[in-house]
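One-letter residues, chain by chain:
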Number of protein chains: 2
Amino acid sequence: MNRIALDLMGGDRAPEEIKAGAFMYLDELRKKPKDVKLLVVGLPDALKSFEQYSDFVELIEAQDYLPMDVKPTDALRRRESSMYIASTLVKEKRADAIVSAGNTGALLSCATLVVGRIKGIDRPALAVPVPTVKDFTVLIDAGANAEVKPEWLLQFAIMGIEYAKILGKSSPKVGLLNVGSEENKGTEREKQAYALLKEHLKETFYGNVEGNDINLGTVDVVVTDGFSGNIAMKTMEGVAKLISNTIKQEAKKSIDGLIGALIFARTLKKLKKKLDPRTYGGSFFLGVDGVVVKAHGNSDRLAIYNALKVATNGVDQGIIEKMKEAMNRIQE
Amino acid sequence: MNRIALDLMGGDRAPEEIKAGAFMYLDELRKKPKDVKLLVVGLPDALKSFEQYSDFVELIEAQDYLPMDVKPTDALRRRESSMYIASTLVKEKRADAIVSAGNTGALLSCATLVVGRIKGIDRPALAVPVPTVKDFTVLIDAGANAEVKPEWLLQFAIMGIEYAKILGKSSPKVGLLNVGSEENKGTEREKQAYALLKEHLKETFYGNVEGNDINLGTVDVVVTDGFSGNIAMKTMEGVAKLISNTIKQEAKKSIDGLIGALIFARTLKKLKKKLDPRTYGGSFFLGVDGVVVKAHGNSDRLAIYNALKVATNGVDQGIIEKMKEAMNRIQE
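These figures come from a predicted structure and were not determined experimentally.

(A) Looking closely at the overall build of chain A. Along the backbone of chain A there are 13 helices and eleven strands. Relative to the compact-globule value of 20 Å for 332 residues, chain A shows a C-alpha radius of gyration of 20 Å, a close match. Dimensions along the principal axes, computed over C-alpha positions, put chain A at roughly 65 × 60 × 35 Å. A total of 332 residues make up chain A; the buried ones form 59% of that total. Mean positive and mean negative side-chain charge positions of chain A (47 and 44 charges, respectively) differ by 3 Å.

(B) View of the relation of the copies chain A and chain B. Rotating chain A by 180° and translating it 0.0 Å along the rotation axis places it on chain B, where the RMSD comes to 0.0 Å. Those values place the two copies in the arrangement expected of a two-fold rotation axis. When the interface residues of chain A are mapped onto chain B, 100% of them again lie at the interface, so the same face is used by both copies.

(C) Up close: the confidence of the model for chain A. Of all residues in chain A, 93% attain a pLDDT of 70 or more, and the chain-wide mean is 91. This prediction of the complex comes with two scores: 0.90 for pTM and 0.89 for ipTM.

(D) A look at helix α3 (residues 82-91) of chain A. Taken across its ten residues, α3(A) has nine buried, putting it largely inside the fold. Considered for burial, the residues of α3(A) that qualify are A:Ser82, A:Met83, A:Tyr84, A:Ile85, A:Ala86, A:Ser87, A:Thr88, A:Leu89 and A:Val90.

(E) Structural detail: the interface of chain A and chain B. Each partner contributes residues to the interface: chain A has 55 residues there, and chain B has 55 residues. Taking both partners together, chain A and chain B bury about 4700 Å²; carbon and sulfur atoms supply 72% of that area. The interface formed by chain A and chain B contains two salt bridges. Residue B:Glu210 is joined to A:Lys234 by a salt bridge in which the shortest nitrogen-to-oxygen separation is 2.3 Å. In this assembly, chain A and chain B are joined by four residue pairs in polar contact (both at pLDDT 80 or more).

(F) Here's a closer look at helix α8 (residues 226-253) of chain A. Spanning 28 residues, α8(A) covers 41 Å between terminal C-alpha atoms, matching the ideal 40 Å at 1.5 Å per step. Of the residues flanking the start of α8(A), the one acting as N-cap is A:Asp225, its side-chain oxygen 3.0 Å from the backbone nitrogen of A:Phe227.

(G) Representation of the sheet that holds strand β3 (residues 57-61) of chain B. Residue and element names in this part refer to chain B. Taken in spatial order, the eleven strands of this open sheet run β3-β2-β1-β4-β11-β10-β5-β6-β9-β7-β8, and their pairing is mixed. Looking along the sheet, the strands with just one partner apiece sit at the ends: β3 and β8 (205-209). Neighbour-to-neighbour, the strand axes of the sheet open up by a mean angle of 25°, direction not taken into account. Where helix α8 (residues 226-253) meets the sheet, it contacts β5 (125-131), β6 (136-140) and β7 (174-177), and its direction lies at approximately 30° from that of β5.

(H) Fine view of the environment of B:Val239. Its location among the elements puts B:Val239 in helix α8. Classification of B:Val239 by relative accessible area gives buried; the value is 0%. Look past the residues within four positions of B:Val239 in its chain and what remains in contact with it is A:Asn215, A:Met236 and A:Val239.

(I) Quick peek at the pairing of strand β11 (residues 291-295) of chain B. Residue and element names in this part refer to chain B. The buried count for β11 comes to five of five residues, which makes it a mostly enclosed element. Burial along β11 is two-sided: the residues Val291, Val293 and Ala295 and Val292 and Lys294 are all buried. Bridge count for strand β4 (residues 97-100) against β11 is four bridges, and the pairing is parallel. Looking across to β11, one finds that alanine 97 is bridged to valine 291. Where strand β10 (residues 282-286) lies against β11, three bridges are found, and the strand directions are antiparallel.

(J) Broad picture of unusual backbone geometry. The omega torsion across B:Ala14 and B:Pro15 is -5°, close enough to zero to call that bond cis. Inspection of the secondary structure assignment puts B:Pro15 in the loop between β1 (2-7) and α1 (16-31). The omega angle of the peptide bond from B:Ile140 to B:Asp141 is 10°, so this bond is cis rather than trans. Looking at where B:Asp141 falls in the secondary structure, it is placed in the loop between β6 and α5 (150-166). Of note in the backbone geometry, A:Lys93 takes a positive phi value of approximately 60° without being a glycine. At A:Lys202, a position not held by glycine, the phi torsion is positive, near 50°. Relative to the helices and strands, A:Lys202 is located in the loop between α6 (188-201) and β8 (205-209).

(K) Spotlight on the packing of α5(B) against helix α13 (residues 319-331) of chain B. Residues and elements named next belong to chain B. Viewed as axis vectors pointing N to C, α5 and α13 meet at an angle of 135°, and their least axial separation amounts to 10 Å. Put simply, α5 runs oblique to α13. Handedness of the α5/α13 crossing: right-handed. Only Ile319, Lys322, Met323, Ala326, Met327, Arg329 and Ile330 of α13 make contact with α5, whose side of the interface consists of Gln155, Ile158, Met159, Glu162, Tyr163 and Ile166. For the contact of α5 with α13, a count of residues per class yields nine nonpolar, one polar and three charged.

(L) View of the sheet that holds strand β1 (residues 2-7) of chain A. All names here are of chain A. Read from one edge to the other, the open sheet built from eleven strands follows the order β3-β2-β1-β4-β11-β10-β5-β6-β9-β7-β8, with strand pairing classed as mixed. Two strands bound the open sheet, and with one partner strand each, they are β3 (57-61) and β8. With strand direction ignored, the average angle separating the axes of adjacent strands in the sheet is 25°. As defined by bridge partners, strand β5 (residues 125-131) adjoins strand β6 (residues 136-140) across five bridges and the pair is classed as antiparallel.

Rules used throughout
- Residues numbered from 1 in each chain as written.
- Chains lettered and ligands numbered in written order.
- Predicted model: local features only at pLDDT ≥ 70, side-chain atom pairs only at ≥ 80, totals over all residues.
- Heavy atoms only, no water.
- Helix = DSSP H or I, 4+ residues; strand = E, 2+ residues; numbered from the N terminus.
- Rg over C-alpha atoms; globule rule 2.2 N^0.38 Å.
- Buried < 20%, exposed > 50% of the residue type's maximum accessible area, 1.4 Å probe, protein only.
- Lys, Arg positive; Asp, Glu negative; His and termini not counted.
- Charge placed at Lys NZ, Arg CZ, Asp CG, Glu CD.
- Least-squares fit on C-alpha atoms with pLDDT ≥ 70 in both.
- Contact = heavy atoms within 4.5 Å.
- pLDDT = per-residue confidence, 0-100.
- Buried area = accessible area lost by both parts, 1.4 Å probe.
- Salt bridge = Lys/Arg side-chain N within 4 Å of Asp/Glu carboxyl O.
- Polar contact = N/O pair within 3.5 Å; in protein donor to acceptor, adjacent residues only side chain to side chain.
- Expected span 1.5 Å × (residues − 1).
- Pairing = 2+ DSSP bridges.
- Axes fitted to C-alpha atoms, helices over the stretch in contact; angles between N-to-C directions.
- Parallel < 35°, antiparallel > 145°, perpendicular 65-115°, else oblique.
- Left-handed = near helix turned anticlockwise from the far one by under 90°.
- Nonpolar A, V, L, I, M, F, W, Y, C, P; charged D, E, K, R; others polar.

Encoded structure:
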């Protein structure tokens, strides 16, 4: 059985939208039953009206929840919070996965210190598949660790490769995000990481890539620190908004623009969907000994529904076992 | 008189495209004469056919030029190169500005160590106006210094404010690029920079901004290290290509898509132009005691023409004097 723990209280729009997303997921389960159980963790009040799905849910009461601006250290002290309890479920093997739209740092703390890390991994990292001209690229770390060591970047690369394989890439290539393609580019950190990646990954390592390579799909996995990864992710969001905004303005300006925009609506919709973080719903914190899915803080029901699907797939595909095997291979 | 030194030999497509760009600029000068002189520095062969513009050019022979993969330290040793000689012209006040599409690190070395810095500036930074929903935001540092100190970020902010004013913003607001909006976000560097910016800029400092804020135009100046700045700039380029590519593919797929794309062509063209680095031609290395314009390494004639216009405007607007005054004010 696939057991998913849901933090009902995490997220800017919790618990209402989290609940609505869970209902979407459960409605689907009811129509097309699968061997899945949703462990919903929340304040007693928020747990109401889940009874209708009793075949597929287990309700777990929490007395506390973490606000969005919680400090990561507080996350570990507040053991009655929904996020902490959900993490404990994974730790105790009562759940296979946790889904939360709560504070990123808090979830990272709970994942690392409550659930625990896979052997050989120093820090879990956020892995996000981003759209490219061809299909997608796995960006890792997309925001978990603002500061990293060169050897962590190697670990991120190994996890990114496994993730890309799970998503269907047969022999993924890895690029190191840098400010130029030449070997000697970047800070001391990038230079050392370059040497490590070359030594351990051999021909799987493509070399340095630049910001424009991410969405061009030059490689299958882009490895970077969580600071640069976050800047890149958020910049994509900003450009997409700038473009959709400009198109809207133009459509208003002239009849040509309006007719063009109307006829072209389907394409624009597809594009927007491709670049909308909600489409992907949630991203994995890889390196944890349990499936951890971080949904966007601003998640609505659709995003939560998708995040629950992401978690289900992660468990179905045995993502944790694959990460462990990959780490064993590299340590031999 | 406004005297612009042009490095004829720098750039992937040098000298042909650099020359063609200079001709575009000179043709315009001939039609509408201004008090401008172009000091063209290049190998003797490349200087041919400039005679037709003798009223507006001075030709300076160089015996060497810097290849695009030159090491910054070599840039300072090869004193017969076109880039070095052009920098010397600015140093000796024989020119007001230098324009080069050559290696960024080499130009930064020449700017810093041949031309020299403005008092109070530790490191020159690359300042680029990027398009936003409203108008533009100055991104500084867009790629000159991969590693920075918190006090440099303050200097970048002061220069960015002056630049934004020159470009027409009456009371520019500054944001610090970070991985979250809260004060305690980022690495030690961002935390210290936040405190410095708050102390010295007072209400001109908006606080932390994220990657998506760049193109949304949340602030007028986005301050960051050259590593993150470069990643952000290049990511914008990649997203723009992804989008124009998707639109092209869709247009091919269906008659609806094709008609929509055709009618919508003007808007798409405008958008592409907005996001095309060639439109801006060149970016200023601010903090140098002379106008230094870095054109994209892959510049074609249009980009060089625009870079020469950027340099001319910089000199006309007294950008160096304004930077000096701003640094004096902050030091008082």
